[in-house]
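# Structural overview
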Amino acid sequence: MNKKYLYIITFFLSIAMVVNVFASISGRSGATGSPTEGTCTSCHSSYALNAGGGSIAITHNIPTSGYVPGSSYAISVTVAQTGFSLFGFGFEALTSSNTSAGTITVTNTTTMKLSTAGNGRVNITHKTNGGSGTSPVAFSFNWTAPATNLGTITFFAAGDACNNNGNEFGDYVYSTSLAIAPSNNNTITTGNISSSTFCAGQTGIAIPFNITGTYTSGNVFTAQLSSSTGSFTTPTNIGTLTSVSGGTITSNVGLPSVAGSLYRIRVVASTPSTTGSANTSNLTINIQPTTANAGSDQVICGTSTTLAANSPTVGIGKWTRLSGTGSFAVPHFLILQLPDLVQDRINFYGPFLMEVVPHQPIP
């Protein structure tokens, strides 16, 4: 009888040892909640994700202007749950194509370790009992940004708040993510525009520009036209160029039908988002003048006659002598008294029969 009791006691002690070891094992990679991955709820499944009133947070010392390629930063993943005393976590840093970005460095080998998930992503997770302590518990390590600008990097983290009861039940799991943009020290300088005067609706304008810094594949440079007062509050896009280097954009959108002499053009980039400086000289946009009609030709047999023309919709009409010796005292009046004209043939001259000067009176 005593021997039977001994076997029973040994059996239950063995189960307890296995359960305790399982409850405090190292963190598993590939469970950060990143794209195509699950979280720790695959094992700690008592409650839904992010349902326990606790929290997980990623903090860092990366400047608000973004990460600088090749620079190292301090990262912390903090897991909190009131009344709990054992915590775990997993963390990844991924590019937009979901591959590992930068280098993670363990700063406390007693509590954390690196591992590679089955999808090839590098993880940092807790070690056995590495998250033991009073809530909240922070796991701190270093992350070195990629050597080149890889665009926005996203941090993914999942954390466990364990009740330390020797099994997986009754634990809470939380997940979070944080997008980190690259620091933008890039510049774009718009060059000289070959002409300073253009017509409404005009296209084919060559807009040269130079750049500094690094732009990612698929970046689009866009030429933008200011308002007639030179403001870029609501610019008009007039042409694009997909490139990672400087060049020339040829406008393919017609210039607006708003006359002005203070227009400017600048170039902006999409990835990373960069706003360039405008060209240094004001540009003028004129509205296309309309044709005015002076009626049929007249032969003057006396010393004077009256020529009457309709007012052009855009521009100011001007009478012009095509032949003879007559002259006009006020050539831009639309109704003219013409003295001292003998057999003079007078026409109203525009694109063909009338000259129209936009935006300014004719002296």
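Before going into details, it helps to say that this report is about the structure given with it. Here the structure is a predicted model, which is why all the values come from computation and not from measurement. Going along each chain's sequence as written, the residues are numbered from 1 onward. Selection of residues for local features in this predicted model requires a pLDDT of at least 70, selection of side-chain atom pairs for listing and counting requires 80 or more, and totals for whole chains, interfaces and linings are taken over all residues. For the side-chain quantities, the full set of heavy atoms in the structure was used; hydrogens and water were omitted.

### Quick look at the nonpolar core
Counting residues in hydrophobic clusters, the biggest one holds 29 residues, and the most contacted among them are Ile75, Phe91, Phe141, Trp143 and Phe155. A run of DSSP states H or I qualifies as a helix once it reaches four residues; a run of E qualifies as a strand once it reaches two. Both are numbered from the N-terminal end. Breaking this core down by element, the ones donating at least two residues are β1 (55–60), β2 (72–80), β3 (86–94), β7 (137–144), β8 (153–162) and β9 (172–180). Any two residues having at least one pair of non-hydrogen atoms within 4.5 Å are treated as being in contact. Once you skip the residues sitting within four places of it in the chain, Phe155 turns out to touch Ile58, Ile62, Ile75, Phe91, Glu92, Ala93, Trp143, Thr176, Ser177, Leu178 and Ile180. Here, nonpolar core means buried Ala, Val, Leu, Ile, Met, Phe, Trp, Tyr and Cys residues that are tied together by side-chain atoms lying within 4.5 Å of each other. Burial classification: accessible surface area is computed with a 1.4 Å probe over protein chains only, and a residue below 20% of its type maximum counts as buried, one above 50% as exposed, and the rest as partly exposed. Counting residues in hydrophobic clusters, the runner-up holds 21 residues, among them Phe198, Ile207, Leu225 and Val267.

### Looking at the sheet that holds strand β19 (residues 283–286)
Backbone-to-backbone hydrogen bonds join strands into a sheet, with any given pair of strands oriented parallel or antiparallel. Whether two strands pair comes down to DSSP finding at least two bridges between them. With mixed pairing, 3 strands are arranged side by side in an open sheet as β11-β19-β16. Two strands in the sheet have a free side with no partner beyond their single neighbour: β11 (197–199) and β16 (260–263). On average, each strand axis in the sheet is tilted by 35° relative to the strand beside it, whichever way the strands run. Helix axes use the C-alpha atoms of the stretch in contact, all axes being lines fitted to C-alpha atoms, and the angles between their N-to-C directions lie in the range 0 to 180 degrees.

### A short note on the pairing of β2
Here β1 pairs with β2 via 6 bridges, running antiparallel. In the sheet register, Ile58 faces β2, and the bridge partner there is Val77. The pairing of β2 with β7 spans 8 bridges and is classified as antiparallel. Following the sheet pairing, Ser76 is matched in β7 by Ser140.

### Concerning the side chain of Ser251
Its location among the elements puts Ser251 in the loop between β15 (247–250) and β16. Of the polar contacts made by the side chain of Ser251, one reaches the backbone nitrogen of Ile205; its length is 2.9 Å. Non-local contacts of Ser251, meaning those with residues more than four positions away in its chain, are made with Thr203, Gly204, Ile205, Ile207, Ile238 and Gly239. Under the rule applied, a polar contact is a pair of N or O atoms within 3.5 Å (in protein, one hydrogen donor and one hydrogen acceptor; residues adjacent in sequence only if both atoms are side-chain atoms).

### Quick look at the sheet that holds strand β5 (residues 112–116)
Taking strand neighbours across the sheet as the criterion, the 5 strands line up as β5-β6-β3-β8-β9 in an open arrangement whose pairing is antiparallel. Either end of the sheet is taken by a strand with one partner, and the two such strands are β5 and β9. Neighbour-to-neighbour, the strand axes of the sheet open up by a mean angle of 20°, direction not taken into account. Of the pairings in the sheet, the one linking β5 to strand β6 (residues 122–126) comprises 5 bridges and is antiparallel in character. Along β6, the bridge assignment pairs Thr116 with Val122.

### Comments concerning the packing of aromatic side chains
Any two of the Phe, Tyr and Trp rings considered here, Trp counted by its six-membered ring, make a pair once their centres fall within 6.5 Å; the pair's planes then place it as stacked at under 30 degrees, edge-to-face at over 60, or tilted in between. Following the criterion strictly, the structure yields 11 aromatic pairs and no others. Relative to Tyr172, the ring of Tyr47 lies with its centre 4.1 Å away and its plane at 10°, an arrangement referred to as stacked. In this pair, Tyr47 is assigned in the loop between α1 (2–23) and β1 and Tyr172 in strand β9, connecting sequence segments 125 residues apart. The exposure class assigned to Tyr172 is buried, which follows from its relative accessible area of 16%. Pairing Phe91 with Phe155 gives two aromatic rings, centres 5.2 Å apart and planes at 55°, and the pair type is tilted. One end of the pair, Phe91, is in strand β3; the other, Phe155, is in strand β8, with 64 residues separating them in the sequence. Through successive ring pairs, a cluster of aromatic residues spans Tyr67, Tyr73, Phe89, Phe91, Phe139, Phe141, Trp143 and Phe155.

### Notes on the pattern of salt bridges
By salt bridge we mean one thing: a side-chain nitrogen of Lys or Arg within 4 Å of a carboxyl oxygen of Asp or Glu. For the coordinates displayed, the defined rule picks out 1 salt bridge. We note a salt bridge from Arg121 to Glu37, for which the minimum N-O separation is 3.5 Å. Taken as a pair, Arg121 in the loop between β5 and β6 and Glu37 in the loop between α1 and β1 lie far apart in primary sequence, 84 residues in all. As far as the burial class goes, Arg121 and Glu37 line up, both buried.

### Thoughts on unusual backbone geometry
Between Ser135 and Pro136 the backbone carries a cis peptide bond, its omega angle lying at -5°. For Pro136, the location among the structural elements is in the loop between β6 and β7. A cis amide bond, omega -5°, links Thr271 with the succeeding residue Pro272. Among the secondary structure elements, Pro272 is positioned in the loop between β17 (265–269) and β18 (274–275). For Thr36, which is not a glycine, the phi torsion comes out positive at approximately 75°. Residue placement: Thr36 occurs in the loop between α1 and β1. Overall, the relative accessible area of 74% leaves Thr36 in the exposed class. Backbone geometry places Asn98, a non-glycine residue, at a positive phi of 65°. Inspection of the secondary structure assignment puts Asn98 in the loop between β3 and β4 (103–105). Take Asn98: its relative accessible area is 26%, and that puts it in the partly exposed class.

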